[in-house]
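Survey of secondary and tertiary structure
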There are 2 protein chains.
Amino acid sequence: MQNNYRMLVAYDGTRFYGWAAQPDQEMTIQGKLESVLSKMTDEEVEVIGAGRTDAGVHARGMVANVRLDTAMTEVQIRDYLNHYLPDDICVLEIKKCGERFHARYNARGKTYRYTIYAGPLKPLFQRKYVYECFDVPDVERMREAAQYLLGTHDYAGFSHNPRMKKSTVRTVDSIEIEKKGDYIHFTYHGDGFLQYMVRILTGTLIEVGQGKREPEEMKELLEKKDRSLAGFTAPAKGLTLLKVDYM
Amino acid sequence: MQNNYRMLVAYDGTRFYGWAAQPDQEMTIQGKLESVLSKMTDEEVEVIGAGRTDAGVHARGMVANVRLDTAMTEVQIRDYLNHYLPDDICVLEIKKCGERFHARYNARGKTYRYTIYAGPLKPLFQRKYVYECFDVPDVERMREAAQYLLGTHDYAGFSHNPRMKKSTVRTVDSIEIEKKGDYIHFTYHGDGFLQYMVRILTGTLIEVGQGKREPEEMKELLEKKDRSLAGFTAPAKGLTLLKVDYM
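Residues numbered from 1 in each chain as written. Chains lettered and ligands numbered in written order. Predicted model: local features only at pLDDT ≥ 70, side-chain atom pairs only at ≥ 80, totals over all residues.

1. Observations regarding the overall build of chain A
Helices and strands together make up the secondary structure of chain A, namely five helices and 10 strands. Its C-alpha atoms give chain A a radius of gyration of 19 Å, near enough to 18 Å, the size a compact globule of 247 residues would have. Counting only C-alpha atoms and orienting by the principal axes, one finds that chain A spans roughly 60 × 40 × 35 Å. Per-residue burial for chain A yields a buried fraction of 37% across its 247 residues. When contacts within chain A are restricted to residue pairs at least 6 apart in sequence, long-range pairs at least 24 apart make up 70% of them. (Helix = DSSP H or I, 4+ residues; strand = E, 2+ residues; numbered from the N terminus. Rg over C-alpha atoms; globule rule 2.2 N^0.38 Å. Buried ≥ 20, exposed ≤ 12 C-beta atoms within 10 Å, placed from the backbone. Contact = placed C-beta atoms within 7 Å.)

See below:
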């Protein structure tokens, strides 16, 4: 009998072509999970993630669900997965959940963190998880700009693919920017994010912080919905999916 | 005119064949430093380290000295080095020092830390800096054994090369063992350590913690001076040189 399982997954995205399984591309997180679980149950399985993360993006709290027919306990499944998965993917928890739980459809919010190194040296032991910003941005200016980006807006101008047919309206309810030592953390919470949206928001905020743009320009960027007017796409390696919210 | 400079260096040892320069082996920390500094000054330079770290061992506070003939300021030299060194080596500081300062001869003590992961999951983001220990060792037993290992002893039985001609007598004045979450840190301080000594001490303590040896056996291991009687050599990746002391 099949049961629906909910799992919490962390990964170092450095070596991967993103979360989503792709034909002819072995190095995806979803692909690795499906491959190990298919071997475990001797059946084809489909792992449904809360969302996709792009190539090079990390996660500390991706949520997924999967239907499995197995007599193994939850801890046995977790240990089996962690044993056979590569050492840059870890299943933190797997638990039986309601039959109707769907990791993508039921997701209500997400928290992403973008980290930059803004010190005089190098982010030696963090180098795979942060973006090095030599021209150190001003935190106060970035905070001011971030206020304009909050709320419910059409974020097409901050997306990789602005001509997509689905709605590009999202609600971002908080952007916190904190300096801790030589690092600056940008923490975003919203009901969902378009492709590259967190990275383009971060790149644009960095440009404000570096004095290349004014905080008030953010209003115009939201109104004009033109990707080419916004800032650069901050590199994937600085981005981590921290948490997915459910009701 | 040449000046003597003292520098503080951190590195992620994963990709390197250790600190010491070797002919026909480009991937050493000393070799990388000498190569960049030679280019900078257009002269052959010799970087003298406080000691050697083995292949795969990390450092957060290696000390070295080097004689340079340059008009550059200390900060300019530091920035030049960090720009041209690979991203897994960082010069934290470089300063002019007394002509007679010698990083190896003047070193009075060293602090090393060995870290193991002893949790139910995986040390995902720390995996290159810790050793995963599935059979979790008991901290109290290891602390008891560590007491026997303190003091001034001939540590030949805990060395890779016990037949070396130089003295194998060293003083270890503290071994602290602390559990923090799923990690166990072993912090060693002494006047110096033989090759592989910290890793063999750690391997032996882990075996005590796992109940494979008794704490009292440590006395015998020191007396017999036979490497084959001590525990396994814990893997290089868990070891980090934290600090070198000078008068």
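There's plenty left to go through after this.
2. Quick notes on the interface of chain A and chain B
Tallying the contact residues gives 12 residues for chain A and 12 residues for chain B. Broken down by class, the residue content of the side of chain A that touches chain B amounts to six nonpolar, one polar and five charged. (Nonpolar A, V, L, I, M, F, W, Y, C, P; charged D, E, K, R; others polar.)

3. Focus: helix α3 (residues 139-149) of chain B
Residue and element names in this part refer to chain B. Among all positions in α3, only M142, A145, A146 and L149 are buried. Summarising the axial view, the buried residues of α3 lie within an arc of 110°, below the 170-degree limit, and thus occupy one face. Turned more than 90 degrees away from the buried face of α3, the exposed residues are E140 and Q147. Of the surrounding elements, those touching the buried residues of α3 are β8 (169-180), α4 (197-209) and α5 (217-224). The first or second residue beyond α3 is G151, which carries a positive phi of 115°. (Arc of directions from axis to C-beta.)

4. Observations regarding the relation of the copies chain A and chain B
Screw-axis analysis of chain A against chain B gives a translation of 0.0 Å along the axis, an RMSD of 0.0 Å, and a rotation angle of 180°. One copy is carried onto the other by what is essentially a two-fold rotation axis. Same-surface contact between copies: 100% of interface residues of chain A are shared with the interface of chain B. (Least-squares fit on C-alpha atoms with pLDDT ≥ 70 in both.)

5. Section: the environment of M62(A)
Residue and element names in this part refer to chain A. Structurally, M62 is set in strand β3 (residues 58-68). Counting along the chain gives 182 residues from M62 to V244, while the straight-line C-alpha distance between them is 6.6 Å. Residue contacts for M62: discarding those within four places in its chain leaves V9, G49, A50, L241 and V244.

6. Some thoughts on the packing of helix α3 (residues 139-149) of chain A against helix α4 (residues 197-209) of chain A
Residues and elements named next belong to chain A. Where α3 contacts α4, the axes come no closer than 8 Å and their chain directions differ by 135°. Considering the angle they form, α3 stands oblique to α4. In this structure, α3 meets α4 at a crossing whose hand is right-handed. Residues V139, R141, M142, A145, A146 and L149 of α3 touch α4, and the partners they reach there are L201, L205, V208 and G209. Residues that form the contact of α3 with α4 fall into these classes: eight nonpolar, one polar and one charged. (Axes fitted to C-alpha atoms, helices over the stretch in contact; angles between N-to-C directions. Parallel < 35°, antiparallel > 145°, perpendicular 65-115°, else oblique. Left-handed = near helix turned anticlockwise from the far one by under 90°.)

7. Regarding the environment of T73(B)
Residues and elements named next belong to chain B. With respect to the helices, strands and loops of the structure, T73 is situated in the loop between β3 (58-68) and α2 (74-84). In this structure T73 comes out as exposed when scored by C-beta crowding, with 11 C-beta atoms within 10 Å. The sequence separation of T73 and G211 amounts to 138 residues, and the corresponding C-alpha distance is 56 Å.

8. Some details on unusual backbone geometry
Positive phi, normally seen in glycine, also occurs at K225(A), with a value near 55°. On the secondary structure map, K225(A) appears in the loop between α5 (217-224) and β10 (239-245). For D24(B), which is not glycine, the phi torsion reads 60° and is therefore positive. Residue position: D24(B) is located in the loop between β1 (3-11) and α1 (29-41).

9. Focus: α4(A)
Residues and elements named next belong to chain A. With 13 residues, α4 ought to run about 18 Å at 1.5 Å a step, and its terminal C-alpha atoms sit 18 Å apart, in line with that. Of all 13 residues in α4, 11 are buried, a share of seventy percent or more. M197, V198, R199, I200, L201, T202, T204, L205, I206, V208 and G209 are the residues of α4 that are buried. Two residues or fewer past α4, G211 is found with a positive phi of approximately 80°. (Expected span 1.5 Å × (residues − 1).)

10. A few points about the pairing of strand β1 (residues 3-11) of chain A
All names here are of chain A. Examined bridge by bridge, β1 and β3 share eight bridges and lie antiparallel to one another. Note on β3: the bridge partner recorded for Y5 is V66. Two elements, β1 and strand β4 (residues 89-96), share seven bridges in a ladder whose sense is antiparallel. What sits directly across from M7, in β4, is I94. (Pairing = 2+ DSSP bridges.)

11. Digging into the domain arrangement of chain A
Reports of interface size often rely on the accessible area that becomes lost once the parts have come together. Residues and elements named next belong to chain A. Examined at the domain level, chain A breaks down into domain 1 (3-96) and domain 2 (109-245). Here the C-alpha centre of domain 2 lies 27 Å away from the C-alpha centre of domain 1. On the domain 2 side, the residues contacting the 14 residues of domain 1 number 11 residues. Of the residues contributing to the side of domain 1 that touches domain 2, the split by class is six nonpolar, six polar and two charged. (Domains from an automatic or database assignment.)

12. Here we look at the environment of L68(B)
Residue and element names in this part refer to chain B. Tracing the chain through its elements places L68 in strand β3. In this structure L68 comes out as partly exposed when scored by C-beta crowding, with 18 C-beta atoms within 10 Å. Ignoring anything within four residues of it in the chain, the contact list for L68 reads Q2, N3, Y5, L37, T41 and V45.

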